[in-house]
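Topology and contacts: notes
Below are the chains, spelled out letter by letter.
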Amino acid sequence: VTIKAVVFDAYGTLYDIQSVAAVTEEAFPGYGEIVTQIWRLKQLEYTWLRTLMQRYKDFSGITRDSLTYALNCFGLRCKSPDAFERILAKYLDLDLYPDAIASLEAMKDKKLAILSNGSPDMLTALVRNSGLEGLLDAVISVDAKKVFKPSPEAYALIEETLRVPPHEVLFVSANSWDVSGAKAFGLNTVMIERGMTEGHGGFKDGMVRPRAMYAALRNRWDDLGVWRDHHVFALSELPALVAGQRS
Ligand code: LAC
């Protein structure tokens, strides 16, 4: 079967979530990196916990709650409500990975979409601000099902939206747990591995940098009993992989 659709995770895959570090550092000098990492770790944790608890709250609310958590860890207070909103606003205007646009353009003959935990308002802003609007056939939010990835119901939205069955879809994510979820559901999968070496480089004299801690927890492959189909180090490797793809 030929791949008919390529579907991307958003945060961490097309968009660099680490790009919030500059704005958090500006607001809280010396705390930018630790706040950035705890924010993201908690954000995902809250998606899983709320899905298990059946207490859905959209990703916009979760992103807010997890930023509050991260700031409270260090007793950090925003000088004004504006400052909090300014940090949060970066989530609507994250940096695209530099090879994203060229890679999407090179795969134009396939259906292209995002499937993300992001709420529709967040994803609409993100896609518009980054200029991806014209390149995507669909921007799919898990909000339609009120559960987060890696719930199978979330991945089912791909076929429901694009009308392409799972075995003809290639799902792309830099989040290992997301690749596992997609594979368990029956999609073809490719993991983008980024920042693996930071786990080693960031550990020195018994001290670990927050970003290295993040990389150790989230950038490595999790063995959850399923195995990814493909493995790349950058989005730019995808067009060739898709062109040669038969399964
Ligand atoms: C997303 C998060 C999980 O975009 O990265 O769904």
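Relevant structure appears above.
Residues numbered from 1 in each chain as written. Predicted model: local features only at pLDDT ≥ 70, side-chain atom pairs only at ≥ 80, totals over all residues. Heavy atoms only, no water.

1. Considering helix H6 (residues 120-129)
Think of an α-helix as turning once every 3.6 residues; residues three or four places apart then point the same way. Buried residues of H6: Met-122, Leu-123, Ala-125, Leu-126 and Val-127, and no others. In this structure, the buried side of H6 is in contact with strand S2 (15-16), helix H3 (59-73), strand S4 (111-116) and strand S5 (138-141). (Buried < 20%, exposed > 50% of the residue type's maximum accessible area, 1.4 Å probe, protein only. Helix = DSSP H or I, 4+ residues; strand = E, 2+ residues; numbered from the N terminus. Contact = heavy atoms within 4.5 Å.)

2. Considering a nonpolar patch on the surface
Residues Phe-203, Val-208, Met-213 and Leu-217 make up a contiguous nonpolar surface patch of roughly 370 Å² in combined accessible area. Its location among the elements puts Val-208 in strand S9 (residues 207-208). (Patch = residues over 30% accessible without salt bridge, like charges linked within 9 Å, V, L, I, M, F, W, Y side chains within 5 Å. Areas by Shrake-Rupley, 256 points an atom, 1.4 Å probe, with all protein chains shown as cover. Salt bridge = Lys/Arg side-chain N within 4 Å of Asp/Glu carboxyl O.)

3. Focus on the sheet that holds S4
Reading across from one edge, S5-S4-S1-S6-S7-S10 is the order of the 6 strands in this open sheet, with parallel pairing throughout. Only two strands of the sheet have a single neighbouring strand rather than two, namely S5 and strand S10 (230-232). Within the sheet, the average angular offset between the axes of one strand and its neighbour, ignoring direction, is 25°. Here 4 bridges tie strand S1 (residues 5-8) to S4, and the two strands are oriented parallel to one another. Looking at S4, one finds that Ala-5 is bridged to Lys-111. Together, S4 and S5 form the strand contacts of H6, whose direction differs from that of S5 by roughly 150°. (Pairing = 2+ DSSP bridges. Axes fitted to C-alpha atoms, helices over the stretch in contact; angles between N-to-C directions.)

4. A closer look at the site of the ligand
What surrounds the ligand is the set Asp-9, Ala-10, Tyr-11, Arg-40, Ser-116, Asn-117, Lys-149, Asn-175 and Trp-177. Asp-9 places a side-chain nitrogen or oxygen 2.7 Å from an oxygen atom of the ligand. A distance of 2.8 Å separates an oxygen atom of the ligand from a polar atom in the backbone of Tyr-11. Isolated, the ligand exposes 220 Å² of accessible area, and the fraction of that covered by the protein chains is 100%. In the shell around the ligand, the residues fall into 3 nonpolar, 3 polar and 3 charged. (Near = heavy atom within 4 Å. Polar contact = N/O pair within 3.5 Å; in protein donor to acceptor, adjacent residues only side chain to side chain. Nonpolar A, V, L, I, M, F, W, Y, C, P; charged D, E, K, R; others polar.)

5. Re unusual backbone geometry
The omega torsion across Lys-149 and Pro-150 is 10°, close enough to zero to call that bond cis. Among the structural elements, Pro-150 can be located in the loop between S5 and helix H7 (152-162). Of note in this structure, Gln-54 is not a glycine but carries a positive phi near 55°. In this structure, Gln-54 sits in the loop between helix H2 (32-53) and H3. Residue Arg-163 is not a glycine yet carries a positive backbone phi of 60°. You can see Arg-163 is positioned in the loop between H7 and strand S6 (169-173).

6. Re the state of the cysteines
Scanning all chains against the criterion turns up 0 disulfides. The thiol sulfur of Cys-73 is not disulfide-bonded, and the nearest other cysteine sulfur, from Cys-78, lies at 14 Å. A residue is classified by how much of its surface remains accessible, and Cys-73, at 39% relative accessible area, is partly exposed. Taking the relative accessible area as the measure of exposure, Cys-78 reaches 22% and is therefore partly exposed. (Disulfide = S-S within 2.5 Å.)

So, to be careful, I would describe these as geometric facts and stop short of saying anything about function.
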